Amino acid sequence: MEEGWTAAGQVEKCALCGCRHLYRQRDIHRGLGCGLVALGAALAPWTFGLSLVAFGLLDLWLYRRLPFAVVCYRCDTVFRDARPGPRQGDFDLLKHDVLKYGKSWQTPGT
């Protein structure tokens, strides 16, 4: 078993940078999702907007059917074969900015 992985197929720390801060996201190719919606928007003048709705629903259907992947906050490494653990929630922009860009944990105005 590789370092940082548990027996249950979960990642505890990033294999590249050693960061223990990971999050989960759906494993959809962003270009595919944006391309589907853009194609629906391009066809909208000829379909009275119905293509935008149809392609948007297709994108939503794909999003819900695809499995989760685990991503490192610091180096953006994607672990597609990993199951998200209990500590790996949805993306947190503040945590991302602190770990990747060295910003402060304090929010402005506090």
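Residues numbered from 1 in each chain as written. Predicted model: local features only at pLDDT ≥ 70, side-chain atom pairs only at ≥ 80, totals over all residues. Heavy atoms only, no water.

As for the pairing of strand 2 (residues 68-72)
Argument step 1. The buried count for strand 2 comes to four of five residues, which makes it a mostly enclosed element.
Argument step 2. Direction of pairing for strand 1 (residues 22-26) relative to strand 2: antiparallel, over a ladder of five bridges. For Arg26, the partnering residue across the bridge sits in strand 2 and is Phe68.
Argument step 3. The pairing of strand 2 with strand 3 (residues 78-79) spans two bridges and is antiparallel. Note that in strand 3 the partner of Val71 across the bridge is Val78.
Argument step 4. If you look at the hairpin formed by strand 2 and strand 3, you'll find five residues sitting between the two strands, and Asp76 has a positive phi there, around 65 degrees. (Buried < 20%, exposed > 50% of the residue type's maximum accessible area, 1.4 Å probe, protein only. Helix = DSSP H or I, 4+ residues; strand = E, 2+ residues; numbered from the N terminus. Pairing = 2+ DSSP bridges.)

Overview of unusual backbone geometry
Argument step 1. Unusually for a residue other than glycine, Phe48 sits at a positive phi of about 55 degrees.
Argument step 2. When you line up the elements, Phe48 lands in the loop between helix 1 (30-47) and helix 2 (50-65).
Argument step 3. Positioned with a positive phi, Asp76 is a non-glycine residue whose angle comes to about 65 degrees.
Argument step 4. Looking at the element boundaries, Asp76 is found in the loop between strand 2 and strand 3.

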